[in-house]
Amino acid sequence: MRSRVISSRFFLLLVFFFLVMLTACGQSGNSQSTSTTSTQAATPVVTLDAYGTPIVFPTSAPQRIVSLVPNISEMLGALGLQGRVVGIDYYTNYPANLTSLPKVSDVNGKYNVEQIVALKPDLVLSYGKDTKQYDAQLQNLGMHVVDLPSGDLSLTLQEILAVGRLTFTTQTASNLVSQLQSQINDVKAKVAGTTAPKVLIESDYSTPGKPYVNGGGSFGDELIQDANGINIFHDNTTGGGFPQVTDEAIISTNPQYVILTEDPAYGGDVNAVYKRSNWGSIDALKLHQVYRINSNIIGRPGPRLVQGLECLAQIIHPDKFPGTLPAYCTGTV
Amino acid sequence: MKIATHKPDLKELRGGVRVLPAPILLLALSCLLLIVILLAASFGSVPIPLGTIMQILMNGTGLFHFARQWDLTAEIIVWQVRMPVVIGAALVGAALAVAGVLFQGMLRNPLADPYLIGSSSGAALGAAIAFVLPFDVVFGSFFPLTPILAFAGAMLTVMLVYSIARVGGQTPVVTLLLAGVVMNAVLVAFQTLILTLSPHAQFGVQALFNWLSGGIAVTSWSQVVIVGIIILVGMLFALMLSTVLDAFGLGEESAAHLGMHVERYKLLIIIVGSMLTAAAVSISGLIGFVGLVTPHVMRLILGPRHRLLLPTSALGGAIFLVLADLLARVVIAPAVLPVGVFTALVGAPFFLILLRSNKREYRW
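S.K.: How would you summarise the state of the cysteines if you had to cite specific residues and measurements?
M.R.: Residue and element names in this part refer to chain A. Under the counting rule described, the total for this entry stands at one disulfide over all chains. A sulfur-sulfur distance of 1.8 Å marks the disulfide that ties Cys311 to Cys329. Handedness here is read from the sign of the S-S torsion; for Cys311 and Cys329, about -85°, the answer is left-handed. Of this pair, Cys311 sits in helix 12 (residues 305-316) while Cys329 sits in the segment after helix 12, and the two are 18 residues apart along the sequence. The residues Cys311 and Cys329 share a single accessibility class, namely buried.

S.K.: An account of the side chain of Asn214 of chain A is needed here, citing residue identities and associated values.
M.R.: Residue and element names in this part refer to chain A. Within the element layout of this structure, Asn214 appears in the loop between strand 6 (212-213) and helix 7 (219-226). You can call Asn214 buried: its relative accessible area is 4%. Excluding residues within four positions of it along the chain, Asn214 makes contact with Ile201, Ser203, Gly220, Asn231, Phe233, Gly241, Phe242 and Pro243.

S.K.: Could you give me a rundown of the sheet that holds strand 3 (residues 123-127) of chain A, with the residues and numbers involved?
M.R.: Residues and elements named next belong to chain A. Taken together, four strands build an open sheet; the order of strands is 2-1-3-4 and the sheet is parallel. Either end of the sheet is taken by a strand with one partner, and the two such strands are strand 2 (85-87) and strand 4 (145-148). Averaged over all pairs of adjacent strands, the angle between their axes in this sheet comes to 30°, without regard to strand direction. Bridge analysis of strand 1 (residues 65-67) against strand 2 gives two bridges, and the strand direction is parallel. When the sheet's bridge partners are listed, Ile65 is paired in strand 2 with Val85. The strands touched by helix 2 (residues 70-78) are strand 1, strand 2, strand 3 and strand 4; relative to strand 3, the strand with the most contacts, the crossing angle is about 120°.

S.K.: Just give me the short version of the environment of Ala78 of chain A, but keep the residues and values in it.
M.R.: Residue and element names in this part refer to chain A. Position of Ala78 relative to the elements: it lies in helix 2. Put simply, Ala78 and Gln244 are 166 residues apart on the chain and 33 Å apart in space, counted from C-alpha to C-alpha. Residue contacts for Ala78: discarding those within four places in its chain leaves Leu176 and Pro303.

S.K.: With reference to specific residues and values, describe the confidence of the model for chain B.
M.R.: A residue-level look at chain B finds 88% of positions with pLDDT of 70 or above and a mean pLDDT of 84. Model confidence for chain B, summarised as mean pLDDT per element, is weakest for helix 1 (residues 10-13) of chain B at 49 and strongest for helix 9 (residues 221-240) of chain B at 94.

S.K.: Can you tell me about the pairing of strand 5 (residues 198-204) of chain A, naming the residues and giving the values?
M.R.: Residue and element names in this part refer to chain A. Pairing between strand 5 and strand 7 (residues 230-231): two bridges, direction parallel. Each residue of the ladder has a partner; that of Lys198, found in strand 7, is Ile230. Across four bridges, the pairing between strand 5 and strand 8 (residues 257-260) is parallel. The partner of Leu200 across the bridge, within strand 8, is Val258. Direction of pairing for strand 5 relative to strand 6: antiparallel, over a ladder of two bridges.

S.K.: I'd like a description of a nonpolar patch on the surface, backed by residues and values.
M.R.: All names here are of chain B. On the surface, Leu327, Val331, Ile332, Val341, Leu345 and Val346 cluster together into a nonpolar patch covering about 470 Å² of accessible area. By residue number, the principal contributor to the nonpolar patch is helix 15 (residues 339-357), which donates three residues. The exposure class assigned to Val331 is partly exposed, which follows from its relative accessible area of 46%.

S.K.: Mind laying out the packing of aromatic side chains, listing which residues take part and the relevant values?
M.R.: The tally for this structure, following the rule as stated, stands at six aromatic pairs over all chains. Ring geometry for Trp79 of chain B against Trp221 of chain B: centres 6.3 Å apart, planes inclined by 45°, an arrangement best described as tilted. Here Trp79 of chain B, found in helix 4 (residues 72-107), pairs with Trp221 of chain B, found in helix 9; they are 142 residues apart in sequence, far enough to count as distant. Taking the relative accessible area as the measure of exposure, Trp79 of chain B reaches 21% and is therefore partly exposed. Cation over ring: Arg165 of chain A sits above Phe57 of chain A, and NZ or CZ is 3.7 Å from the ring centre. Cation over ring: Arg276 of chain A sits above Trp279 of chain A, and NZ or CZ is 4.6 Å from the ring centre.

Rules of the game
- Residues numbered from 1 in each chain as written.
- Chains lettered and ligands numbered in written order.
- Predicted model: local features only at pLDDT ≥ 70, side-chain atom pairs only at ≥ 80, totals over all residues.
- Heavy atoms only, no water.
- Disulfide = S-S within 2.5 Å.
- Helix = DSSP H or I, 4+ residues; strand = E, 2+ residues; numbered from the N terminus.
- Buried < 20%, exposed > 50% of the residue type's maximum accessible area, 1.4 Å probe, protein only.
- Contact = heavy atoms within 4.5 Å.
- Pairing = 2+ DSSP bridges.
- Axes fitted to C-alpha atoms, helices over the stretch in contact; angles between N-to-C directions.
- pLDDT = per-residue confidence, 0-100.
- Patch = residues over 30% accessible without salt bridge, like charges linked within 9 Å, V, L, I, M, F, W, Y side chains within 5 Å.
- Areas by Shrake-Rupley, 256 points an atom, 1.4 Å probe, with all protein chains shown as cover.
- Salt bridge = Lys/Arg side-chain N within 4 Å of Asp/Glu carboxyl O.
- Phe/Tyr/Trp six-rings, centres within 6.5 Å; stacked < 30°, edge-to-face > 60°.
- Lys NZ or Arg CZ within 6 Å of the ring centre and 35° of its normal.

In C-alpha cells:
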C-alpha cells in the first residue's frame with residue numbers, strides 16, 4: 001500500500017500549528033499585564049494611546065465630542081462637558097443628563113459608523129481598545145479618534161487629566177483629580193492598621209457551581225487591597241481579571257465577606273446567596289456578611305471608582321466608617 | 001436515437017424563461033443587480049434622498065459631473081461606509097453561490113453547501129485565534145488579522161480534509177463528506193478550548209459570536225478589492241470547469257469512461273470551491289443558505305446546464321445577499337440583525353414555494 005505523502009506533511013503542519021497556538025495562548029497572558037505598568041512608570045501624564053502611539057491633542061476646544069464607551073462618558077460628565085457631547089454609546093447610563101443623547105451603538109456592541117459620521121464630531125473618545133475594530137475605520141473617515149490606554153486606579157486618575165487636556169478643561173480636571181486623590185488617601189489612612197478580612201467579589205453566578213469572580217488585575221481586586229482586605233482570588237489572573245472558578249475554591253478559602261455585583265434582576269439577590277447549596281459553611285454566610293455593590297462603581301474605570309472604594313471600605317471595616325451605607329453603593333446605574 | 005433528435009415541442013416552449021437566449025438573461029440579471037445595489041446604498045441609518053445618492057454614485061463613476069448640492073458627509077457616508085458593504089455583500093453572495101454550484105456538482109448531492117467539507121469550522125477557528133492573539137494589527141495598518149486568518153483556516157482545513165480522505169490515489173465522495181464532518185467537530189472543540197484558555201475571554205466570545213452570526217465586516221475599500229480579485233479569479237476558473245461539472249453529473253464512472261481525469265478535476269474543483277468560500281467567509285463570517293438555495297433556485301428556473309447555471313447563480317447569489325443585507329440593516333433600524341438569520345428566514349420559504357408550485361417533478 002502506498003504511503004500517503006500529502007497527508008503526513010499536512011499532519012505535521014497541523015501539529016506544528018497546534019503547538020504554535022498553545023504557545024501563543026500561554027504567552028498572551030504575560031504580555032498583557034506588563035504593557036500597562038510600563039506606560040504608568042514612564043511618564044506621570046498619559047501621552048500614549050492604547051496602541052502605544054503618541055496622542056495628538058487638538059489645537060482648539062472640541063465642541064462636538066462622541067464617547068464610544070461608558071466610562072469615558074462618566075469622565076466627560078464629571079468634567080461638566082454635557083453641553084459639548086453629541087453622541088454616546090448604548091451602555092452609557094451615568095450621569096443622567098447624558099442618557100438622552102443619540103446612541104451610536106446597539107446592545108450587541110455593534111457601532112453605527114454612519115451615525116457617527118453624520119454627527120460630525122471633532123473628537124471621538126474610546127478606551128482600552130474596546131472599539132479596536134472601529135478605530136482605524138473612523139480615523140480613515142477623517143475623524144480625530146483617541147483610544148486611551150487601560151490600567152489601574154492611579155492610571156485612571158491620570159486619564160481624567162488627559163481627557164481634561166483633550167477637551168481644554170484642565171483646571172476642572174486637576175481639581176477633580178486632587179479631590180479624588182484626597183478621598184483615596186483618606187480611606188487608606190482610616191483602614192491602616194486594621195486586620196485584613198478575606199473578601200470575595202462575585203461577577204456572575206449564571207452557571208451554578210462555577211461562578212465568575214474578580215481576580216487579580218481587575219479593579220475590584222485593587223480596591224480590596226486599597227481598602228485593606230484580602231481578595232481570595234488575587235493570585236488568579238486568568239480570564240482578563242474575571243476568572244471562572246469553582247464553588248470548592250470559594251468554600252476552601254472561606255471568605256468573611258461576599259460581595260455581589262450583579263444587577264438585581266440578573267442574580268444580584270443577597271437573599272438567594274443564603275440558599276445556595278454547599279455555601280452554608282462559608283464564614284460570610286454564617287456571619288450574615290453578604291452584600292451587593294453596584295458593579296458600575298467598582299468596575300468602570302472612571303471617577304466613581306473612588307465611591308466604590310469608599311463603599312467597599314465601609315462594608316469590610318464598619319467600625320472605621322460609622323453611619324449607614326450610602327444609597328449609591330447599592331444602586332443599579 | 002430518440003434522445004439525439006429530440007426537438008422541443010410547443011408544451012416545452014411554454015417553459016418561459018428557459019427559452020430566452022443566454023446573453024439577454026445575463027443582461028437582465030445584471031441590470032437587476034445594479035438596481036438592487038442602488039436600493040441598498042440608499043438605505044441606512046442616516047436618511048439621504050435617492051436622487052442625491054444617484055447623483056453621488058454617478059459622479060463617482062467619473063462619467064458625470066453633477067454640481068454638489070449635498071453635504072460632504074453624505075458623500076463620505078455613501079462612498080466610504082455604505083458602498084464597500086454593499087459591493088462586499090454582492091461579492092460574497094456571488095462567491096458562495098458559485099461555490100455551492102461547484103460542490104453540488106462534484107458531490108452530486110442536493111444538500112451540499114460550500115461549508116460541508118470543513119471551511120466553516122476552519123474559518124471560525126482562524127477568527128477565534130485572531131480575536132485572542134495579543135498582537136493586534138497596528139493602528140491604521142493595511143491588513144487586519146481576522147480576515148487573513150479566517151481565509152487561511154478555511155483553506156488549510158479543506159486541504160487537510162482532502163488529504164485525509166484520499167486513499168490509494170482516489171477520493172471517494174462518501175469518505176470526503178465523513179472526513180469533513182469529523183473535522184468540523186474537532187475544530188469546533190479547538191475553538192472552544194482556545195476561547196476558554198485565553199485571557200481576553202470576555203471580548204473574544206462576544207466578538208466571535210458577532211462574527212459567527214454573519215455580517216459583512218468590511219471597513220475600507222482595500223479589503224473589498226483584495227477579496228474581489230480572489231473571488232473574480234475563482235469564478236473565472238469555475239466557469240472554465242462547467243463542462244467538467246456536466247460530465248460529473250453522469251456519475252464518476254461514466255465520466256471516467258468518457259476520458260475525463262476524475263481525480264484531478266475533483267481536486268481542482270475542491271481548490272476553486274474552497275478558495276471562493278474562504279474569500280467570502282473572511283469578510284462575512286458564516287452566512288448560510290446562500291450557497292445551498294441559490295443553485296437550486298436557478299436550476300429550477302433554468303435547468304442544470306452548468307455553462308448557464310454558473311454565471312446566473314453568481315448574479316442570483318449577489319442579488320440575494322445584497323437584498324438580505326439591506327433588510328437586515330433596515331427592518332429594526334437602528335439595530336442590525338445578523339445577515340445569516342435573514343438569509344435563512346427569507347430563503348427557506350421562497351425555495352419551498354418554488355418547489356411546490358413547479359408542476360414538473362424536481363429533476364436533479
